[in-house]
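Structural characterization, general
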Amino acid sequence: MESTCRNDLQTATTAAALSALSAEIVSCRQCSRLVEHRERIGETKRASYRDWDYWAKPVPSFGDPSAKLLVLGLAPAAHGGNRTGRVFTGDASATFLIKAMYEAGLANQAVSDHRDDGLLYTGAYVCAAVRCVPPGDRPTPEEQRTCLPYLVREISLLPNLRVILALGQIAFQAALRALAAMGVERPRAKFGHGSVYRPGAGLPLLMGCYHPSPRNTNTGRLKMEQLVEALKKAKTIGEEEERELIGRA
């Protein structure tokens, strides 16, 4: 009973800290190019979403504060997260990812249409390396550096985090920079689908995965079964790391 109460208190404390950080992220206006781009999209809209009130702000992370797995994407989609206000929600990449997360036992449903659709993650926390939609899906190096402290703080706030699954090269490099900021000396790892980097020093492992973008899924570079397998592998590694940590205690 005492252990349960202690875990509940930790979860509540973590959730409050993450909520405060999310509020800070949503109010961010540091990158003028991204601010102009996200707001212009929110005003012009896509014809099929003309009745939507676009979010058009930085998109906060979403998930389980007790997560062992952090799923890290690149940035919100122009008519996905930038429209709906929730990361990986309402676009083709989100449709592919959330179905895979459901199949891997990390989500309670296989759809992610809007931020009030009832989606919940168990054991997973989802965020993006850059929190605003960038022109051409290409954030500048300076924009990536500006957003990096948010990722570092989120990693630090998740008490049970054991694995970061980086979706794509940019997210993988962002995770490496975050690990460097947290004390890993010159972290070096090559991105590859299924590759695993162990930074040591009690920090989470980093695993690479192709991004579930239409460019990858429509060409067959990333199949549904491959993404499900990567998520299950990351989940299993996280559980193994947890057991090993408990065994050393």
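Reading the values: rules and limits
- Residues numbered from 1 in each chain as written.
- Predicted model: local features only at pLDDT ≥ 70, side-chain atom pairs only at ≥ 80, totals over all residues.
- Heavy atoms only, no water.
- UniProt positions renumbered as here; feature names shortened; annotations may be inferred.
- Helix = DSSP H or I, 4+ residues; strand = E, 2+ residues; numbered from the N terminus.
- Pairing = 2+ DSSP bridges.
- Contact = heavy atoms within 4.5 Å.
- Axes fitted to C-alpha atoms, helices over the stretch in contact; angles between N-to-C directions.
- Salt bridge = Lys/Arg side-chain N within 4 Å of Asp/Glu carboxyl O.
- Buried < 20%, exposed > 50% of the residue type's maximum accessible area, 1.4 Å probe, protein only.
- 1 Å grid on protein atoms, 1.4 Å probe; cavity = no way out; pocket = protein on both sides within 12 Å on 5 of 7 lines; lining within 4 Å.
- Points joined across faces, edges and corners; volume = space filled by probe spheres on them.
- Nonpolar A, V, L, I, M, F, W, Y, C, P; charged D, E, K, R; others polar.

**Digging into the UniProt feature "domain: Uracil-DNA glycosylase-like" (unreviewed entry) in the protein chain**
UniProt's entry tags residues 60-231 with the feature "domain: Uracil-DNA glycosylase-like" (unreviewed entry), counted in the numbering of this structure. Span residues 60-231 is 34% helix and 14% strand, its end C-alpha atoms 21 Å apart.

**Considerations on the sheet that holds strand β2 (residues 69-73)**
On the basis of which strands lie adjacent, the open sheet formed by 6 strands has the order β1-β3-β2-β4-β6-β5 and mixed pairing. Strands with a single pairing partner mark the edges of an open sheet, and in this sheet they are β1 (62-63) and β5 (196-197). Alignment of strand β4 (residues 163-167) against strand β6 (residues 205-209), held across 5 bridges, turns out to be parallel. Bridge assignment links alanine 166 to a residue of β6, and that residue is glycine 208. Each of β2, β3 (124-128) and β4 touches helix α5 (residues 141-157); the most contacted strand, β3, lies at about 170° to it. Lying over the sheet, helix α6 (residues 169-181) contacts β2, β4, β5 and β6, oriented at roughly 170° with respect to β6.

**Notes on the pattern of salt bridges**
Counting across every chain of the model gives 6 salt bridges. With a closest N to O distance of 2.9 Å, arginine 153 and glutamate 24 form a salt bridge. Of this pair, arginine 153 sits in helix α5 while glutamate 24 sits in helix α1 (residues 2-26), and the two are 129 residues apart along the sequence. On the basis of relative accessibility, which here comes to 35%, the residue arginine 153 falls in the partly exposed class. The class for glutamate 24 is partly exposed, based on a relative accessible area of 34%. In this structure, the salt-bridge partner of glutamate 39 is arginine 29, at a minimum N-O distance of 2.9 Å. In this pair, glutamate 39 sits in helix α2 (residues 32-44) while arginine 29 sits in the loop between α1 and α2, placing the two residues 10 residues apart along the sequence. The partly exposed category is assigned to glutamate 39, whose relative accessible area is 29%.

**Brief notes about the layout of surface pockets**
By rolling a water-sized probe across the atoms, one finds the places where empty space is left. Taken as a whole, the largest pocket holds about 870 Å³ of empty space. Along the wall of the largest pocket there are 34 residues; nearest its centre are Leu74, Asp137, His211, Ser213 and Arg215. Listing elements by their share of the lining of the largest pocket, those giving two or more residues are α4 (92-103), α6 and α7 (214-217). Of the residues that constitute the lining of the largest pocket, the class distribution is 16 nonpolar, 12 polar and 6 charged.

**Structural notes on empty space enclosed by the protein**
Evaluated as defined, the whole model comprises 1 cavity of 30 Å³ or more. One number sums up the size of the largest cavity: a volume of about 80 Å³. Forming the walls of the largest cavity are 13 residues, and the residues nearest its centre are Cys28, Cys31, Pro58, Cys132 and Cys147. Elements that contribute at least two residues to the lining of the largest cavity include exactly α2 and α5.

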